[in-house]
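Examining the three-dimensional arrangement
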Amino acid sequence: MNELTTIILRSIAISGTATLLASAWSIPLAYLLSGSYRLRHIAYLLEALVGIPTVLVGLLLYMLLSNAGPLGFLQLLYTPQAIIIGEALLITPLITAVSYQTLKETRTRYTELALSLGATKQQAARLVITQSLPNLLAAIVMGYSRAIGELGVALIVGGNIKGLTRTITTSIALYTAMGEYENAIMLGMVLVLLTIGISLLVRLVRKRWDIE
Amino acid sequence: MGYRISLDNVSYKYPGQNRYSVSEISIKFNPGIVYGLIGSNGAGKTTLLKIIALIYKPNKGKLLYNNSDPWNNVVFYRRSIAYVHEKPIMIRASVYNNLAYPLKIRGISKEEINKRIDRVSRLFGIQDLLGKNAKTLSTGEKQIIGIARALIYDPEVIVLDEPFSNLDYHKRRILLDVIDSQASQGKTIILASHDTLMIEKISSKILVLENGKALCFGPTRQIIEKLYEYSCNS
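Predicted model only: the values in this text are computed from it and were never measured.

Criteria and thresholds
- Residues numbered from 1 in each chain as written.
- Chains lettered and ligands numbered in written order.
- Predicted model: local features only at pLDDT ≥ 70, side-chain atom pairs only at ≥ 80, totals over all residues.
- Heavy atoms only, no water.
- Helix = DSSP H or I, 4+ residues; strand = E, 2+ residues; numbered from the N terminus.
- Rg over C-alpha atoms; globule rule 2.2 N^0.38 Å.
- Buried < 20%, exposed > 50% of the residue type's maximum accessible area, 1.4 Å probe, protein only.
- Contact = heavy atoms within 4.5 Å.
- Areas by Shrake-Rupley, 256 points an atom, 1.4 Å probe, with all protein chains shown as cover.
- Lys, Arg positive; Asp, Glu negative; His and termini not counted.
- Charge placed at Lys NZ, Arg CZ, Asp CG, Glu CD.
- pLDDT = per-residue confidence, 0-100.
- Expected span 1.5 Å × (residues − 1).
- Bend = angle between axes of the 7 residues up to and from the residue.
- Axes fitted to C-alpha atoms, helices over the stretch in contact; angles between N-to-C directions.
- Parallel < 35°, antiparallel > 145°, perpendicular 65-115°, else oblique.
- Nonpolar A, V, L, I, M, F, W, Y, C, P; charged D, E, K, R; others polar.
- Buried area = accessible area lost by both parts, 1.4 Å probe.
- Salt bridge = Lys/Arg side-chain N within 4 Å of Asp/Glu carboxyl O.
- Polar contact = N/O pair within 3.5 Å; in protein donor to acceptor, adjacent residues only side chain to side chain.
- Patch = residues over 30% accessible without salt bridge, like charges linked within 9 Å, V, L, I, M, F, W, Y side chains within 5 Å.
- 1 Å grid on protein atoms, 1.4 Å probe; cavity = no way out; pocket = protein on both sides within 12 Å on 5 of 7 lines; lining within 4 Å.
- Points joined across faces, edges and corners; volume = space filled by probe spheres on them.
- Phe/Tyr/Trp six-rings, centres within 6.5 Å; stacked < 30°, edge-to-face > 60°.

Another point: the overall build of chain B. The helix and strand inventory of chain B stands at eight helices and nine strands. Relative to the globule expectation of 17 Å for 234 residues, the C-alpha radius of gyration of chain B, 18 Å, shows essentially globular dimensions. Across the 234 residues of chain B, 55% fall into the buried class. Put simply, of all contacts in chain B between residues at least 6 apart along the chain, 65% involve residues at least 24 apart.

Turning next to the overall build of chain A. If you tally the helices and strands in chain A, you get eight helices and zero strands. For chain A, the sequential pattern of α-helices and β-strands runs α-α-α-α-α-α-α-α. Counting over 212 residues, chain A shows a buried share of 48%. Sequence separation of 24 or more characterises 72% of the internal contacts of chain A that already satisfy a separation of 6 or more. Counting only carbon and sulfur atoms, one obtains 69% of the accessible surface of chain A, whose full area is about 10,500 Å². Placing the 15 positive and 10 negative side-chain charges of chain A at their respective mean positions leaves the two points 10 Å apart.

On to the confidence of the model for chain B, then. On average, residues of chain B score 93 in pLDDT, and 99% of them reach the 70 mark or higher. In the predicted complex, the global pTM is 0.82; the interface-specific ipTM is 0.90.

Here we come to helix 5 (residues 121-149) of chain A. With 29 residues, helix 5 of chain A should reach 42 Å at 1.5 Å per residue; the first-to-last C-alpha distance of 39 Å fits that figure. Of all bends in helix 5 of chain A, the biggest is about 65°, found at A:Leu133, and the proline A:Pro134 comes one to four residues later.

Glancing now at the packing of helix 1 (residues 3-34) of chain A against helix 7 (residues 168-178) of chain A. Residues and elements named next belong to chain A. Where helix 1 contacts helix 7, the two axes come as close as 8 Å, and the packing angle between them is 140°. Judged by the angle between their axes, helix 1 and helix 7 are oblique. Of helix 7, the residues touching helix 1 (which contributes Glu3, Leu4, Ile7, Ile8 and Ser11) are Ile168, Ser171 and Tyr175. Class assignment of the residues belonging to the contact of helix 1 with helix 7 gives a composition of five nonpolar, two polar and one charged.

Each partner contributes to the interface: chain A provides 19 residues, whereas chain B provides 25 residues. A buried area of about 2,000 Å², summed over both sides, lies between chain A and chain B, and 55% of it is on carbon and sulfur atoms. Contact with chain B buries area across many residues of chain A, yet A:Glu112, A:Ser116 and A:Leu117 alone supply 31% of it, more than any other trio. Here chain A and chain B share one salt bridge between them. One salt bridge in this structure joins B:Lys50 and A:Glu112, with 2.7 Å as the shortest N-O distance. Put simply, chain A and chain B have 11 residue pairs in polar contact (both at pLDDT 80 or more) between them. Going through the elements one at a time, helix 4 (80-116) and helix 5 of chain A are the ones with two or more residues in the side of chain A that touches chain B. Top element by residues in the side of chain A that touches chain B is helix 4 of chain A. It accounts for seven residues. Class assignment for the residues of the side of chain A that touches chain B results in 11 nonpolar, five polar and three charged.

A few words on a nonpolar patch on the surface. Where nonpolar side chains cluster on the molecular surface, the patch consists of A:Leu56, A:Leu59, A:Leu60, A:Tyr62, A:Met63, A:Tyr78, A:Ile161 and A:Leu164 and spans about 660 Å² of accessible area. The exposure class of A:Leu164 is partly exposed, given its relative accessible area of 36%.

Roughly 1,100 Å³ of volume is contained in the largest pocket. Lining the largest pocket are 25 residues; nearest its centre among them are A:Gly35, A:Arg107, A:Thr111, B:Tyr12 and B:Pro15. Every element with two or more residues in the lining of the largest pocket is listed here: helix 1, helix 4 and helix 5 of chain A. Among the elements that make up the lining of the largest pocket, the one with the highest residue count is helix 4 of chain A (seven residues). Grouping the constituent residues of the lining of the largest pocket by class yields 13 nonpolar, five polar and seven charged. Reported here for the second largest pocket is a volume of approximately 220 Å³. B:Arg119, B:Leu123, B:Leu151, B:Asp154 and B:Gln182 are the residues nearest the centre of the second largest pocket, which is lined by 14 residues in total. Mapped onto the lining of the second largest pocket, the elements with two or more residues apiece are helix 4 (110-124) and helix 6 (169-184) of chain B. The element best represented in the lining of the second largest pocket is helix 4 of chain B, accounting for five residues.

All names here are of chain B. Enumeration according to the criterion identifies nine aromatic pairs over all chains in this entry. Judged by centre distance (5.5 Å) and plane angle (55°), the rings of Tyr3 and Tyr77 are tilted. Of this pair, Tyr3 sits in the segment before strand 1 (5-12) while Tyr77 is found in helix 2 (residues 74-78), placing the two residues 74 residues apart along the sequence. A single burial state applies to Tyr3 and to Tyr77, both of which are buried.

To continue, consider empty space enclosed by the protein. Under the counting rule described, the total for this entry stands at three cavities of 30 Å³ or more. Volume-wise, the largest cavity comes out at about 60 Å³. What lines the largest cavity is A:Leu113, A:Ser116, A:Leu117, B:Tyr83, B:Val84, B:His85, B:Pro88, B:Ile89, B:Gly146, B:Arg149 and B:Ala150. Every element with two or more residues in the lining of the largest cavity is listed here: helix 4 of chain A together with strand 5 (81-84) and helix 5 (139-151) of chain B. The class makeup of the residues in the lining of the largest cavity is seven nonpolar, three polar and one charged.

So this is what it looks like as structure tokens:
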């Protein structure tokens with residue numbers, strides 16, 4: 001397998017794991033926030049953090065994970081795990097905010113429907129989630145697209161180490177700096193194709209679920 | 001047999017609002033009688049129906065089902081209430097699965113589910129719709145599916161919000177017959193509507209709401225006359 005293929009596969013794996021991790025806490029958090037009037041300010045805060053600069057997340061995580069930092073003993077700096085954690089943190093506000101908007105809209109309606117038909121709270125929650133799945137999936141994909149396309153976190157806490165933490169975006173930055181524009185453009189196109197491909201796939205799935 | 005439902009000074013306000021949407025309502029609903037609920041937009045009809053259907057818990061006052069507090073065993077009581085929303089909400093699934101949902105959550109067998117769906121779809125004339133995607137139906141079709149879905153589990157209390165609004169003449173006739181038949185079986189039936197003619201036709205007693213308060217309550221004929229004479233007082 002050549003180096004470019006390895007970089008592409010590594011990027012997909014790192015961003016995919018980060019997205020799964022972020023979804024695992026963001027969607028339950030969004031569900032919790034959508035059901036509480038008092039907690040709505042947390043949702044507003046997360047909405048405001050959707051566009052947080054990736055370099056800032058990278059910098060904060062660097063300070064935490066560096067040897068002098070409070071989590072330095074974990075020895076995670078310049079590993080794929082550090083990028084996964086950073087990207088997961090980066091996309092948490094995005095997935096939570098989009099899921100929150102979806103769940104806020106569907107929760108009242110479907111919870112009332114389920115309860116009026118005799119459902120328990122758990123059965124009502126299950127109905128809300130299943131009815132919101134197409135839009136939750138869209139939120140997850142938006143998170144994935146942001147994760148795979150970000151540079152700041154991957155560069156600062158990943159270190160762009162060949163064969164270990166080099167991703168599509170850090171490679172593009174490197175190839176551009178080295179004047180190897182052909183490779184940079186090729187990886188750029190792969191990045192665009194990945195984003196468009198996933199978006200189309202989700203569109204198909206959503207259509208099948210009859211949301212449109 | 002339906003429940004005797006009593007409200008004693010019941011009030012409710014939505015989270016984040018200062019004003020009570022329903023304020024100090026005291027009334028008793030007896031089984032075997034059809035009650036009509038009328039009032040202008042924003043009078044509190046839907047909120048009151050949702051309180052009766054145990055979807056909203058009153059902030060103040062007491063709600064009793066046969067002298068018991070239904071909120072102590074709310075799932076049990078909810079399972080004997082049919083509440084149909086003004087704007088029908090369909091589950092993203094076929095009509096068959098929409099009708100099956102309340103039965104599935106009660107753990108009823110597939111055989112029994114099929115039997116009940118067959119019975120209710122014949123009653124409402126919706127056999128042709130069973131395989132269709134519920135989201136693609138017309139508003140009138142959704143309305144009748146919503147009513148069929150609520151009646152499929154043979155509830156003791158039937159609460160309908162604007163049940164006639166989207167129905168054609170034929171479906172209205174069917175619904176009137178169903179309501180009559182349910183009342184004669186001793187069910188407690190409460191329905192809200194803007195359609196005073198339908199309310200006059202179907203209900204024995206009427207409650208008039210205004211700004212969340214009970215304006216007047218009594219036998220249908222008497223209340224309708226009072227309304228025409230603008231002399232309705234609580």
